[in-house]
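# Remarks on the overall topology
The primary structure of each chain is shown beneath.
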Amino acid sequence: MQIRLHMAMFPIRWWVRGGVVDCRNCWMLLTLVVACLHLVSRTAVGAVTTTTSSSVLGDPYEILGVGKSATTKEIRKAYKNLAVVWHPDKNKVPEAEEQFVKINRAYELLSDPARRRLYDQRGVTEDSPNFNPRPDYTTFNRFDPIDEILTFTTGGAFHYPFADGIAFLHKQSITAKTFEQNVMPKSFTVPQLILFYGDWCSGCTRVASIWRTISDQLTNIGIDVSCVHADRETAVARKIGIKVIPSVVLVLDSHAYHYRDTVVAANKVTAFIRSKLPFDLLVPLDKETVEDFLGNWWRDNRIRVIIVGTSEVVRLRYQVLAFHFRERAAFGYVTTEDKDFNVFRQNYGIPDGMDSIFVFKELEKPVASLSMTEISQKLMSDLVENNKFLILPRLSSQTVMDTICPTETSLYRRRLCVVFLTRKTKILEDEDSAKALREYALRQGSSVRVKFAYLYGEVQRDFVSSLSGSKKDSNLMIIWRQTSSKISYEWIEGGWDGTNTSAQRLDSILHRLITEKTSLSYQVEVKELTDEHAQGFLFKVLRKVSLTMEFVRAQVTREMVIQTASVIATVLFIVAGGFIMAYLVRLEEESILAKAKADAQRSPPSSNSRPASSTTTENPTPLQLLTQNPECRIHEMRGETYNGLVRLIKPGCRTVLLLLDADTKEILIRKFQRCVWPYRKNKSLQFGFMHVDRPAGLSWYKQLLQLSLVRHETYSSTLNINPRNCVGTVISLNGHRKYFCVFHASVTMPGNPNRRRANSGYRNGAFLGFDSENSSDEQSDVERGGGLNNDTSDTPEAGILFTNHLLDNLSNWLDRLFEGSTHRYHINYWPDFPLK
């Protein structure tokens, strides 16, 4: 059989015994078949991977020996029983350690409701905190023969360039639960660096390779590095304030600090972390300050750690170490470049060319030291962790109490704490009794069952007062904390004075309590200790302000700042422009008034003017100054000012007009200005007066009244208006809406101020100035009670209203006017004001 393959245009020709079979386009069919086989192989690999990762633990119910319907209490009981049996310290069987690990993992799975539900539904037993199923991106770069077949030109497998980086970010990804339960609480001791990323993010692809390097470097010096998928964990991204991805965030003390640089590089991220760590973590030391630094252990109740470095700049790993142990240790830094470094070298034996760490307690000499060219983070942490308490520490807070004297309910595993009660002095080291107890504790060694401590009686007053009921004049007691608030205690009779007798007495009591398992004498409920190192109110406020400013700076972008500043600047410019314009207007008014006053003083009176009534005199009259007061101008309504006061007035504005004559002008204007003075700054009001004793004013007033009462038959004939009855009337004119309101003085009867006079004309229209009778001004007005008397006496007689009392109720009427409760008289148009 001869087979010939002709690749042009992908035809395949087979010759079999001279017969020709033409199979065109079957190359594409072959390609499709190979692709299907490729997908099947990938699915099989993924399935094997999933099965392998999820079947490592086995059945957790079978491991603990409980049923699937077991309660949490039953699971916990089974776990405790199995843990006691298979603990490696008690069970020496070779497989005990492996079985103990399985028991722990099974208990962790079944004690978590979410993981237990996931196992019951899907059989997933992985102990990873991330339960979001993700594709296995690591298979993208594997060698696959089928990929080689499908590759025509490159000769390599199908490969996505971003697969490796995104896969690495997925491996470091954490969920919202892990963020809340692990990252936030741990940020108080370990810096947390987080990268927020997404799947289809080109910037995340570029950052991924750099992030791997950053993660390797920072993890080695004690910084936790993780990633958060911003599209899946939206709650975390919203809480942190992520606007764009990728974003780098540093979490310290549960507060997030955003990395603002546009370029993500290892050196820039390191500098960013260094700038956000507290500045006072390591104190620079020299030969003058080192003694004070080592001698202040009794103030803050912390050990002293001196780090000797070959560089003047403190390395980031030392800052991270100081941040981790800042509650229990004070750190100082000495550089070999210091001119007095030889003094340190002689005192502490520092080797050349190496970094060194020295741990000090109450003693002058270091209790532990370490010198290496490159000190790892684990060695430094172990060195400080094993010596993080003083030989005789002070119970200065509840946290210290829980660490030194932990709770233990079992009588056979109880932990005793010997507490020395002392007073707060300037230098605790001068107290011989405390020194002797410290030496006694040092001779006892680092026993797990017995710890030694002291406390200030006057500072921890609540704690001591709960124990003083059975106190036998002693300053030393032994306590056993059964729970956080319940303790058993016993006072040492005779106390502690540092002598051999008190030491022997303490030895015998401790030996009896540890070996014979006897109970302590008393039991009591106590309160928590007062935190002696708590921050003050002012420091808390400043810290809160600083965090708030940092949060605002992290949330607000440059564009938002520019927009906000633009709006604020615009508002300030408008307000400032308004003030400036108002100031210029006031200056112009004052200049015009001063100029008018100067012109009036310079111009001589005219020859044909009457001296008594002339308005242009050498000196302006008090009445002229009153009406021209720039703060409350009162304009006279004439033909020239009528349009400005009535017809051309703006919508929403009104003119309050006083009717008077020449005899009452001076008196009524003064009272009128006093009534309207509170409204002088209202821009919608104008004030004026009009003479009704002049034909022009009386004619306009008559036309106004006729227009308002045109429907009444009583006034359809020609009206007679008594000008004397109109004096003191106040009219509010709304020029835009064409209505007016009227105030007219009323007369009250003697003995009954609420009763109006029957003949005062309130029913027949005399209150508007109407009088249908042709009575004279001298007789009818006074006889009807509506007349006037120019007497300025303050006591009106019965039925007579004097000039001084015409405007007594004007203030109340103005209040009603602005409330809208006065009657309105509507007209169709405003009458013309006669020019002559």
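Residues numbered from 1 in each chain as written. Predicted model: local features only at pLDDT ≥ 70, side-chain atom pairs only at ≥ 80, totals over all residues. Heavy atoms only, no water.

Residues of helix H11 (residues 266-276) that are buried include every one of Val269, Phe272 and Ile273, and no others. Each buried residue of H11 sits inside an arc of 95° when the element is viewed along its axis, so together they form one side. Facing away from the buried side of H11, by more than 90 degrees, are the exposed residues Asn267 and Ser275. On the buried face of H11, the contacting elements are strand E4 (192-197), helix H9 (202-219), strand E6 (247-252), strand E7 (255-258) and helix H14 (316-324). (Buried < 20%, exposed > 50% of the residue type's maximum accessible area, 1.4 Å probe, protein only. Helix = DSSP H or I, 4+ residues; strand = E, 2+ residues; numbered from the N terminus. Arc of directions from axis to C-beta. Contact = heavy atoms within 4.5 Å.)

All right, on to the environment of isoleucine 210 then. Within the element layout of this structure, isoleucine 210 appears in helix H9. By relative accessible area, which is 33% here, isoleucine 210 ends up partly exposed. Measuring from C-alpha to C-alpha, the distance between isoleucine 210 and valine 264 comes to 7.5 Å, with 54 residues separating the pair along the chain. Not counting residues within four places of it along the chain, the set of residues in contact with isoleucine 210 comprises Val264 and Ala265.

Scanning the model with the defined rule gives one cavity of 30 Å³ or more in all. A volume near 50 Å³ is recorded for the largest cavity. Here the residues of the lining of the largest cavity are counted per class, giving five nonpolar, two polar and two charged. (1 Å grid on protein atoms, 1.4 Å probe; cavity = no way out; pocket = protein on both sides within 12 Å on 5 of 7 lines; lining within 4 Å. Points joined across faces, edges and corners; volume = space filled by probe spheres on them. Nonpolar A, V, L, I, M, F, W, Y, C, P; charged D, E, K, R; others polar.)

The biggest cluster of nonpolar side chains holds 78 residues, and the ones touching the most others in it are Leu193, Trp211, Leu218, Ile273 and Phe452. Setting aside residues no more than four positions away along its own chain, tryptophan 211 makes contact with Phe168, Leu169, Gln172, Leu193, Ile194, Leu195, Val225, Ser226, Cys227 and Val248. Leu660, Leu704, Leu733 and Leu817 belong to the second-largest nonpolar core, a separate cluster that totals 50 residues. (Core = buried A, V, L, I, M, F, W, Y, C linked by side-chain atoms within 4.5 Å.)

So, about the sheet that holds strand E21 (residues 730-734). The strand order E18-E20-E19-E21-E22-E27 describes an open sheet built from six strands, whose pairing is mixed. The strands lining the two open edges of the sheet, one partner per strand, are strand E18 (634-636) and strand E27 (825-826). Across four bridges, the pairing between strand E19 (residues 654-660) and E21 is antiparallel. Paired with leucine 657 across the two strands is isoleucine 731, which belongs to E21. (Pairing = 2+ DSSP bridges.)

Overall, the prediction assigns the protein a mean pLDDT of 76, with 74% of residues at 70 or greater. The weakest mean pLDDT in the protein belongs to helix H28 (residues 780-784) at 34; the strongest belongs to E21 at 94. Segment residues 1-28 is flagged for pLDDT under 50; beyond a separation of four residues in sequence, or across chains, it makes 24 contacts in the model. Segment residues 605-618 is flagged for pLDDT under 50; beyond a separation of four residues in sequence, or across chains, it makes eight contacts in the model. (pLDDT = per-residue confidence, 0-100.)

What follows concerns unusual backbone geometry. A cis geometry characterises the amide bond from isoleucine 245 onward to proline 246, with omega recorded as 0°. Within the secondary structure, proline 246 is located in the loop between helix H10 (234-240) and E6. Even without being glycine, asparagine 301 reaches a positive phi, approximately 60°. Along the chain, the position of asparagine 301 falls in the loop between helix H13 (297-300) and strand E9 (303-309). What makes asparagine 301 buried here is its relative accessible area of 1%. One non-glycine residue, lysine 738, lies in the positive phi region at around 60°. Here lysine 738 is to be found in the loop between E21 and strand E22 (739-743). Given the relative accessible area of 30%, lysine 738 is considered partly exposed.

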